[in-house]
Amino acid sequence: MMRQYELVERVQKYKPDANEALLNKAYVYAMQKHGQQKRASGDPYISHPLEVAAILTDMRLDESTIAVALLHDTIEDTTATRAEIDELFGEDIGRLVEGLTKIKKIDLVTKKAKQAENLRKLLLAISDDVRVLLVKLADRLHNMRTLDHMSPEKRARISEETMEIYAPLAGRMGMQDMREELEELSFRHINPEAHDTVTKRLEELSRRNEGLVKKIETELRDLLVANGLANAMVKGRLKSPYSVFRKMQSKSLSFEQLSDIYGFRLLVDDIPSCYRALGIVHTRWRVVPGRFKDYISTPKQNDYRSLHTTIVGPSSQRIELQIRTKRMHEIAEFGIAAHTLYKDGANTNGDGDVLSRESSAYSWLRHTIEALAEGDSPEEFLEHTKLELFQDQVFCFTPKGKLIALPRGATPIDFAYAVHTNIGDTTVGAKINGRIMPLVTRLTNGDEVEIIRSGVQVPPAAWEEIVVTGKARAAIRRATRLAIRKQYAGLGHRILERTFERAGKVFSRDALKPALHRLGQKDVEDAIAAVGRGEMSSLDVLRAVYPDHQDERVTVKPAGDEGWFNVHSASGMIFKIPGKNKADLADGVEAPPIRGLAANVEVHFAPTGAVPGDRIVGIMEKGKGITIYPIQSPILQRFDDEPERWIDVRWDLDEANKSRFAARVLINALNEPGTLAKVAQTVADVDVNIRVLNTARVAADFTEMALDVEVWDLRQLNQLLVQLKELDCIATVKRLYE
Ligand code: MN
């Protein structure tokens, strides 16, 4: 625990003529008033105001601010009064302590209108004298550091308030270190699992890269010194778990994809040296494009100034660099406090950065307060103020008025998952401000969102592309994984039933249990799903259950010859396919029924065809004329950069046209007798011709077939796809475009 004399020594270090008597008097008064009071940790209460005061000495604040810190909880928690403090310490200090007492009563995690009103009160209180804010932030920081002793409810509430209000406020006031520590501590309590995971991975990484930070520091410094920047200082560090986590969320990256987790600061003497250092670094290492930012020529609104760049640095690590002067660094660390901190007149020697008497962060605060005085409604005020504080977030509300903070771009699905995973999983629709809106709608500030749910529902896998929060994405992934497993288990069960039946046995889950270890599987469901996925053959299962069983090889045998003719597949296999007449097969389309072509141009169709009803495009190919592709064809990407080769074409068919058009269908079928015949029969049933059939055994129980067919149009092709899908010997069917 910090001692009183240590505190005085700290102040004297940066302000030798500090009013020691004032500090002692404030300490003794607070000590007496708090008396036997204890903190939740069991420490004497006085340890808290002492630590808060100590935090402020890091910012080199004057003795009256330190005294306010010592007194900050006396009016609220003891018999002390404003009048008494005024009398003992002067009105200035009394006013500040009262201001802090007022803030303490403001609940910032509450309903919308209330929250706006309370935020307004908070800003009013701190705008009175910015020192109130400094003491408040130090107070909150110490409370966050000692939060473990609080009840879980209190921890959650305080952390939420810190993350939503105080951390951004610290950032807005330019106090980056404060903001970072507040965020970090809140993150730990708000999302302990995420915090744990990220922290462990970071620790693992720093273990794996032991000594790397030091090595890069040395290499950077040596380089700068060798190039004439003798006073350059280099400080490297692993980024904080929260900043890593936020990056993962905002950029939808996994931990493995995050490469720049090291940050380095280069501190130099003056502004020309900043640009010089930048030049030196950029000459020596490769720059990651798009990452350079010059906040020296254009400072941030909170007075932050620095050069930012990312390089592929020593050891081929991606590293982020911040280059700034020592004075800029001070402002980056202490923000608004850097303007109020005690100065012994040494800071007027121009290192180039202009120090205005009032920082722009403070003028932002004043400007905001002025807007307040003009009598905006609380909601409007929230719009203007809070939103400026939280530019990267949107704030929405449940019908009951609970505030849900989401990253910008969030959808009702993110909202639903933020409320509860169960709600997310069962979402089918959403009302935004009372109106039913599409689930892809981007939420905006102040939206009230009501989630419409169904009893059972698996979130569509496509949602994963729509959502922006990690929580929603993880939950959707988990739910779809489970659903897919269930689907495979159903398929696997059917395959096993048939294989067992052919062997004269009956398949049951119970029979499978004793054989699990022989199959290297842990549970019945997994084993069945493995068969469904084609990872394990049904015959292996049969042999595992009945080790004595003598299996005859099960092979696909073509049926009788009548009414069949041969089709050669590319792999050289011959299949017998029912068909009406070989002459039905068209060899090619003589005059393509396509509009938009010049006369005498050679025209081909894509290898996987195009059929009337498809949206089509023509691509000019040298020496080959024009090839017609359906718009879905992935090959078209190759011509993205050559717009001159694209020809606008349309189908031009009259009623009487009897041409057939080629298309390719990909089937994944169960490998069992009769499958091929069923496929062929279905094709014949819808009056489609088969031109070529390729098959490949992809797994023990599955066969993949590529079917080149000829159809009248898209309607007929779709009819074929639907009917094939209905065959229970077929796992998947899709049209193939190349
Ligand atoms: Mn306190």
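Conventions we followed
- Residue numbers run consecutively from 1 along every chain, following the written order of its sequence.
- Local features are withheld for residues below a pLDDT of 70 in this predicted model, meaning they are given only at 70 or higher, and side-chain atom pairs are given and counted only at 80 or more; totals for whole chains, interfaces and linings count all residues.
- Note: side-chain values were computed over all heavy atoms of the structure, leaving out hydrogens and water.
- Think of it in three bands: with a 1.4 Å probe and only protein chains considered, a residue is buried below 20% of the maximum accessible area for its type, exposed above 50%, and partly exposed in between.
- Runs of H or I in DSSP of at least four residues are treated as helices and runs of E of at least two as strands, each being numbered from the N terminus.
- Paired strands, in this sense, are two strands between which DSSP finds at least two bridges.
- Contacts are assigned to residue pairs that have any heavy atoms within 4.5 Å of one another.
- For the purposes of these results, a polar contact is taken to be a pair of N or O atoms within 3.5 Å, where, inside protein, one atom must be able to donate a hydrogen and its partner to accept one; residues adjacent in sequence count only when each atom of the pair is a side-chain atom.
- We call an atom a donor if it is N, O or S and sits within 2.8 Å of the metal, or 3.2 Å for Na, K and Ca. Water is not counted, so some sites may look partial.
- Lines fitted to C-alpha atoms define the axes here, with helix axes fitted over just the stretch in contact, and angles between the N-to-C directions of these axes take values from 0 to 180 degrees.
- Should an angle fall under 35 degrees it is taken as roughly parallel, and over 145 as roughly antiparallel, whereas 65 to 115 is taken as roughly perpendicular and any remaining angle as oblique.
- In this scheme the handedness of a crossing depends on how the near helix is turned from the far one: anticlockwise by less than a right angle means left-handed, clockwise means right-handed.
- Residues are sorted three ways: Asp, Glu, Lys and Arg are charged, Ala, Val, Leu, Ile, Met, Phe, Trp, Tyr, Cys and Pro are nonpolar, and all the rest, Gly among them, are polar.

Engineer: Can you help me understand the pairing of strand 17 (residues 625-630) in this one?
Structural biologist: Each regular strand displays side chains that alternate between the two surfaces of the sheet. Among the six residues of strand 17, six are classified as buried, and the element is accordingly described as predominantly covered. In this structure, strand 15 (residues 603-605) lies alongside strand 17, joined through three bridges in parallel fashion. Counted as the bridge partner of phenylalanine 605 is isoleucine 628 from strand 17. Pairing of strand 16 (residues 616-621) with strand 17 involves six bridges; the strand directions are antiparallel. Bridging across to strand 17, glutamate 621 finds its partner in glycine 625. Adjacent in sequence and paired antiparallel, strand 16 and strand 17 are bridged by three residues, among which glycine 623 carries a positive phi angle near 75°.

Engineer: Hey, could you run me through the environment of aspartate 77 in this one?
Structural biologist: Within the secondary structure layout, aspartate 77 lies in helix 5 (residues 74-77). Exposure remark for aspartate 77: the relative accessible area of 28% places this residue in the partly exposed category. Taking the C-alpha atoms as reference points, aspartate 77 and lysine 33, 44 residues apart in sequence, are found 8.8 Å from one another. Apart from the residues lying within four places of it in its own chain, the contact partners of aspartate 77 are His34, Gln37, Tyr45 and Lys104. Of the polar contacts made by the side chain of aspartate 77, one reaches the side chain of tyrosine 45; its length is 3.3 Å.

Engineer: Could you clarify how one ought to interpret the coordination of the manganese ion in this entry?
Structural biologist: By definition of the ideal shapes, four donors in a tetrahedron about a metal sit 109.5 degrees apart, and six donors in an octahedron sit 90 or 180 degrees apart. Distances from the manganese ion to its protein donors, His48 (NE2), His72 (NE2), Asp73 (OD) and Asp139 (OD), fall at 2.2 to 2.3 Å. Within one chain, the residues serving as donors to the manganese ion are arranged as H-x23-H-D-x65-D. Owing to a relative accessible area of 2%, histidine 72 belongs among the buried residues under this scheme.

Engineer: Got a minute to help me understand the packing of helix 3 (residues 47-58) against helix 4 (residues 63-71) in this structure?
Structural biologist: Axis angle and axis distance: for two packed helices, these are the angle between their axes and the distance between the axes, and together they describe the pair. At a minimum axis separation of 7 Å, helix 3 and helix 4 run at an interaxial angle of 155°. As far as their axial angle goes, helix 4 and helix 3 are roughly antiparallel. As helix 3 packs across helix 4, the resulting crossing turns out to be right-handed. Within the contact between the two elements, helix 3 uses Pro49, Leu50, Val52, Ala53, Leu56 and Thr57 and helix 4 uses Thr65, Ile66, Ala69 and Leu70. Looking at the contact of helix 3 with helix 4 residue by residue, the class counts come to eight nonpolar, two polar and no charged.

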